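Descriptive analysis of the structure
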Amino acid sequence: MLNIIKRASAVYKPALLAGLVSFGPGLALAQENVFAPGWTMNTEASTLRFQSVKNETKVESSTFGTYTGTIDDTGLATVRVLLDSVDTKVDLRNVRMRFLLFETFQYPEAVITMQIDPAQLADLQEVRRKVMTTAYTIELHGVTSEREAEIAVTLLDDNTVSVTSGTPISLPTADFALDGGVAKLEEAAKVEIIPSATVTFDFMFNRAASETAYQLASAEMMADMPTETVAMEDSGDFSVEACTGRFEIMSQMNYIYFARSSAVIEDRSTPLLDSIVEIVDRCPELAIRVDGHTDSDGSAALNQTLSEARARSVRQYLVNAGADGARITTIGFGEDVPLVANDSAENKQRNRRIEFSVVNG
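Residues numbered from 1 in each chain as written. Predicted model: local features only at pLDDT ≥ 70, side-chain atom pairs only at ≥ 80, totals over all residues. Heavy atoms only, no water.

Observations concerning the environment of Val-182
- Relative to the helices and strands, Val-182 resides in helix 5 (residues 179–189).
- With near-sequence residues (within four places) excluded, Val-182 lies in contact with Leu-101, Thr-173 and Ile-193. (Helix = DSSP H or I, 4+ residues; strand = E, 2+ residues; numbered from the N terminus. Contact = heavy atoms within 4.5 Å.)

Observations concerning unusual backbone geometry
- Backbone torsion omega between Ala-36 and Pro-37 reads -5°, so that peptide bond is classified as cis.
- Its location among the elements puts Pro-37 in the loop between helix 2 (25–29) and strand 1 (39–41).
- Phi is positive for Glu-56, close to 75°, though the residue is something other than glycine.
- The residue Glu-56 is located in the loop between strand 2 (47–54) and strand 3 (58–64) in this model.

Examining the packing of aromatic side chains
- Scanning the model with the defined rule gives 9 aromatic pairs in all.
- With centroids separated by 5.4 Å and ring planes inclined at 35°, the aromatic side chains of Phe-50 and Phe-64 adopt a geometry described as tilted. Taken as a pair, Phe-50 in strand 2 and Phe-64 in strand 3 lie far apart in primary sequence, 14 residues in all. There is no split in this pair, since Phe-50 and Phe-64 are both buried.
- Aromatic side chains Phe-99 and Phe-105 sit 6.2 Å apart centroid to centroid with 20° between the ring planes, which places their arrangement in the stacked category.
- What makes Phe-99 buried here is its relative accessible area of 5%.
- The rings of Phe-99, Phe-105, Tyr-255 and Tyr-257 are connected pair by pair, giving a single aromatic cluster.
- Here the basic side chain of Arg-246 rests over the ring of Phe-238, its NZ or CZ set 3.9 Å away from the ring centre.
- When the ring centre of Tyr-257 is taken as origin, the NZ or CZ atom of Arg-268, which lies over that ring, is 3.6 Å away. (Phe/Tyr/Trp six-rings, centres within 6.5 Å; stacked < 30°, edge-to-face > 60°. Buried < 20%, exposed > 50% of the residue type's maximum accessible area, 1.4 Å probe, protein only. Lys NZ or Arg CZ within 6 Å of the ring centre and 35° of its normal.)

Brief notes about the state of the cysteines
- In the structure shown here, the tally under the stated rule is 1 disulfide.
- Between the sulfur atoms of Cys-243 and its disulfide partner Cys-283 the distance amounts to 2.0 Å. What sets the handedness of the Cys-243 and Cys-283 disulfide is the S-S torsion sign, and at about -110° it is left-handed. One end of the pair, Cys-243, is in helix 7 (residues 240–253); the other, Cys-283, is in the loop between helix 8 (270–281) and strand 13 (288–293), and 40 residues separate them in sequence.
- For Cys-243, a relative accessible area of 1% gives the class buried.
- When its relative accessible area of 2% is taken as the criterion, Cys-283 is described as buried. (Disulfide = S-S within 2.5 Å.)

What to know about the environment of Arg-310
- Secondary-structure assignment places Arg-310 in helix 9 (residues 300–320).
- Here the alpha-carbon distance between Arg-310 and Thr-330, two residues 20 residues apart in the chain, equals 9.3 Å.
- When near neighbours in sequence (up to four residues on either side) are disregarded, Arg-310 contacts Phe-258, Ala-259, Arg-260, Ser-261, Ser-262, Ala-263 and Ile-354.

Here's the deal with the side chain of Thr-294
- Looking at the element boundaries, Thr-294 is found in the loop between strand 13 and helix 9.
- On the accessibility criterion, Thr-294 (3% relative accessible area) is buried.
- A polar atom in the side chain of Thr-294 sits 3.5 Å from the backbone nitrogen of Glu-335.
- Residues within four places of Thr-294 in sequence aside, it is in contact with Asn-303, Leu-306, Ser-307, Gly-334, Glu-335, Asn-351 and Arg-352. (Polar contact = N/O pair within 3.5 Å; in protein donor to acceptor, adjacent residues only side chain to side chain.)

So this is what it looks like as structure tokens:
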């Protein structure tokens, strides 16, 4: 359970091997610039964690299975984190984090860049460890934020350096438009979550054997990260419990969009729908029902017809994308089963939704 998918490891291993070739000790000492000719992350020796607090006092620590990074000869550090690889040690909690909080179907990765001044590390060979405050930029959930952090840079040997968070880094969810996701997590898990997380890291980097070796490793590691079968979950078919939990989570997404007063699915819905196709395929013993719901605007008869048509459109998309149509039925509830009162634009949007129900098993 919760093993890092081998496909992701296979993508990064060639880059790591290219970047981890060691120098002889004399060559490293001859370097005037501690970062020349460039460094690549040893992910197997690195750690990246974030801590969250629920119900006021319960602290949960989570990590990611897939991330990569480099430091070029100017001291520019770049780290990319595949958010689908979030690992909370609980399968359905991982799914909630991916779909309800990070919305990885839209925002698959986080990117952190930090400029470390090589001049501040000119004496690193002698002192071995330097603590400094430096600026960094984080791109997360469609938001780019410039911040500062205290880091410690430690020269472990002539060709190995660690870059470590000096203190926990606080990231308020509101700064990254994640408050809506936090609310969905709270509703799904029936908990209260403090709307902020703290991040700690200990990244290990190895000096590249040459500028050419660094450029090769950097190009491979900074290419498109794998986006297929990288989630921290079992391979193969899901259990009934895992299937049911996933469809409950998909029903909370509310990210299937239609043209106004229409059953035509908008293109921005396709990343989520494609994720649902995979779930249907990995639950081969279960029959799935697509439920359509509307708000109360317009007549009840028209809303009933619209809800039925939208459910059929979703089923047709899934079937066209390869899902087994024999296991998928539809129903429309019109305006009869609202989640909340239809007394505001926000509430009406919540009530206009597609849900998924397991009807056997």
